[in-house]
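Survey of secondary and tertiary structure
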2 protein chains.
Amino acid sequence: MIDKIYDDLNKCINDVFNACSNYACEGVEQNIGGPFGAGIIRKIDNKYKIICIERNTVIYSKDATCHAEINAIKAASKLLNKCFLDDCILVTSAKSCPMCLSAACWAKIPVIYYSQSYDNATSSGFKDNSISEYIKGNNDKLIQEVQIKNEECIRPFKIWNEKQDKICY
Amino acid sequence: MIDKIYDDLNKCINDVFNACSNYACEGVEQNIGGPFGAGIIRKIDNKYKIICIERNTVIYSKDATCHAEINAIKAASKLLNKCFLDDCILVTSAKSCPMCLSAACWAKIPVIYYSQSYDNATSSGFKDNSISEYIKGNNDKLIQEVQIKNEECIRPFKIWNEKQDKICY
């Protein structure tokens, strides 16, 4: 499947849904992580290729950032040896939480195809929706953010702003 | 500094601001990443210990997820061998983008101390604020999210919901 070249994007997306869901099912059964899978498709000359299939590994990795999409973005970046995946498509079994959605934005991924809504995650005990509501300003109890102004923290910005050969992202 | 035990949280935060800003300055000069640094403090018996000092490594790592806070959460999780950092404090040179803010929520970090606002990041060309506005529903052009319902993607949730020995997070 990984080496196959697809003419039909929908067929390719469907294969990613199936593969990452199977992988996520195994991951849940083995206590590797939550019930989420994701994959990345690359578009090359109007054809499509699956770059990677990943799953949530929060428990196994002992790392709260190891969501399926973060794992997929990291794997694709490594495989393609680049940080901007603007020729790629993210396919994920469930709507991306704000962490993964923002990661896709930073990676310049233009489109995400997802299957299950936040409702599925919420009813299985996950806080995707409450984090999203926190960012929207509708939930003030999730985390405390305190600003302490510090002059030293301005220095990196000054160096960045003045640097001629910086690589913007 | 890393081995020091602090009685005074403000002194500890100040040392993290200084150390992570210096590290970020070097990172900008060497084209390792953007002008951002972060550190994690652990609270132990009402005293404070700096666990790690990290910086943005997006360019060097060729990975758009390698923000200072994500690097810090990953480093602290590895050092402490656990995915929940509920006894830790995140200190960051600039207000966390939605990716890093959500990562802190997932890691159960109760509080973030930050110095510079989104305005600093925006005026240096970074899209922290536009990603935040996208999640709030005020900016519809950043990324496209398309739902395609797929029966296979429900299976991992069903297995999760029925699993007796699952480790919730």
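What you see as residue numbers is a count from 1 along each chain, following the sequence as written. Chain labels run from A onward and ligand labels from 1 onward, assigned in the order the entries are written. Side-chain atom pairs in this predicted model are given and counted only at pLDDT of 80 or more, local residue features only at pLDDT of at least 70, and totals for whole chains, interfaces and linings cover all residues.

To continue, consider the overall build of chain A. Secondary structure counts use DSSP, requiring at least four H or I residues in a row for a helix and at least two E residues in a row for a strand, with both numbered from the N terminus. Each helix and strand counted, chain A has seven helices and six strands in total. Along the longest, intermediate and shortest principal axes, the C-alpha atoms of chain A span 55 × 40 × 25 Å. Exposure criterion: with C-beta atoms placed from backbone coordinates, a residue whose C-beta has 20 or more other C-beta atoms within 10 Å is buried, one with 12 or fewer is exposed, and one in between is partly exposed. Looking at chain A residue by residue over its 169 residues, the buried ones come to 53%. Placing C-beta atoms from the backbone, we regard two residues as in contact once those atoms come within 7 Å. In chain A, 53% of the contacts between residues at least 6 apart in sequence involve partners at least 24 apart.

The strands that make up a sheet pair up through hydrogen bonds in the backbone, lying either parallel or antiparallel. For two strands to count as paired, DSSP must find a minimum of two bridges between them. A sheet is described by the order of its strands in space; here six strands give the open sequence β6(A)-β5(B)-β4(B)-β2(B)-β3(B)-β1(B), paired in mixed fashion. In this open sheet, the two strands that pair with only one neighbour each are β6 (144-147) of chain A together with β1 (5-6) of chain B. With five bridges connecting them, strand β4 (residues 88-94) of chain B and strand β5 (residues 111-116) of chain B associate as parallel partners. Paired with A94(B) across the strands is Q116(B), a residue of β5(B).

We now examine the pairing of strand β4 (residues 88-94) of chain A. Residue and element names in this part refer to chain A. Most of β4 sits inside the fold, with seven of its seven residues counted as buried. Across five bridges, strand β2 (residues 37-44) lies against β4 in antiparallel orientation. Paired with A38 across the strands is T92, a residue of β4. Between β4 and its parallel partner strand β5 (residues 111-116), the chain crosses via helix α4 (residues 98-106), and the hand of that crossover is right-handed. When the strands point away from the viewer and the path from the first strand over the helix to the second turns clockwise, the crossover is right-handed.

Here we come to the interface of chain B and chain A. Taken together, the contacts link 78 residues of chain B with 78 residues of chain A. For this classification, Asp, Glu, Lys and Arg are treated as charged, while Ala, Val, Leu, Ile, Met, Phe, Trp, Tyr, Cys and Pro are nonpolar and the rest, including Gly, are polar. When the residues that make up the side of chain B that touches chain A are grouped by side-chain class, the tally is 46 nonpolar, 20 polar and twelve charged. Summarising the sheet, β6(A) and β5(B) pair through four bridges and their orientation is parallel. Residue Q147(A) lies in a different strand from β5(B), and its bridge partner there is Y114(B).

What follows concerns unusual backbone geometry. All names here are of chain A. In the Ramachandran plot, N81 falls in the positive-phi region, its phi being about 60° despite a non-glycine side chain. Checked against the element boundaries, N81 lands in the loop between α3 (68-80) and β4. Here N81 falls in the exposed class, since 7 other C-beta atoms lie within 10 Å of it. If you check the backbone angles, K108 has positive phi at about 60° while not being a glycine. Of note, K108 is situated in the loop between α4 and β5.

Moving on to the relation of the copies chain B and chain A. With an RMSD of 0.0 Å, the fit of chain B onto chain A corresponds to turning through 180° and sliding 0.0 Å along the axis. Within this description, the copies of the chain are treated as partners about a two-fold rotation axis. For chain B, the smallest separation between a C-alpha atom and the rotation axis is recorded for M99(B), amounting to 1.9 Å. Alignment of the copies relies on least squares applied to C-alpha atoms, considering only residues that score at least 70 for pLDDT in both.

To define a nonpolar core, we join buried Ala, Val, Leu, Ile, Met, Phe, Trp, Tyr and Cys residues through C-beta atoms within 7 Å and take the resulting set. Formed by 112 residues in total, the largest nonpolar core has its most connected members in A104(A) and A104(B). The contact partners of A104(A), leaving out residues within four places of it in the chain, are E69(A), I73(A), L90(A), S96(A), I109(A), I112(A) and I143(B).

Here we come to the packing of α4(A) against helix α6 (residues 128-136) of chain B. At their nearest, the axes of α4(A) and α6(B) sit 11 Å apart, and the two run at 130° to each other. Accordingly, the angle class assigned to the pair α4(A) and α6(B) is oblique. Two packed elements cross with a definite hand, and for α4(A) against α6(B) that hand is right-handed. Here P98(A), L101(A), S102(A) and C105(A) of α4(A) lie close against α6(B), whose contacting residues are I131(B), Y134(B) and I135(B). Its residues placed into classes, the contact of α4(A) with α6(B) shows six nonpolar, one polar and no charged. Angles here are taken between N-to-C directions and fall from 0 to 180 degrees, while the axes themselves are lines fitted to C-alpha atoms, restricted in helices to the stretch in contact. Note on angle classes: values under 35 degrees are labelled roughly parallel, values over 145 roughly antiparallel, values of 65 to 115 roughly perpendicular, and the remainder oblique. Note on convention: the crossing is left-handed when the near helix lies turned anticlockwise from the far helix by less than a right angle, right-handed when the turn is clockwise.

On to the sheet that holds β5(A). Sheet architecture is open: six strands sit in the order β1(A)-β3(A)-β2(A)-β4(A)-β5(A)-β6(B), paired in mixed fashion. Looking along the sheet, the strands with just one partner apiece sit at the ends: β1 (5-6) of chain A together with β6 (144-147) of chain B. The pairing of β2(A) with strand β3 (residues 47-55) of chain A spans eight bridges and is antiparallel. Among the inter-strand pairings, G37(A) is bridged to a residue of β3(A), identified as R55(A).

Right, let's get into the confidence of the model for chain A. Note on scores: pLDDT gives the predictor's confidence for each residue, bounded by 0 and 100. With 99% of its residues at a pLDDT of at least 70, chain A reaches an overall mean of 96. Scored as a complex, the prediction yields pTM 0.97 and ipTM 0.97.

Most of helix α4 (residues 98-106) of chain B sits inside the fold, with nine of its nine residues counted as buried. Three or more residues of α4(B) are buried, namely P98(B), M99(B), C100(B), L101(B), S102(B), A103(B), A104(B), C105(B) and W106(B). Each element contacted by the buried residues of α4(B) is listed here: α4 and α6 (128-136) of chain A together with α3 (68-80), β4, β5 and α6 of chain B. Phi for K108(B), located one or two positions after α4(B), is positive at around 60°.

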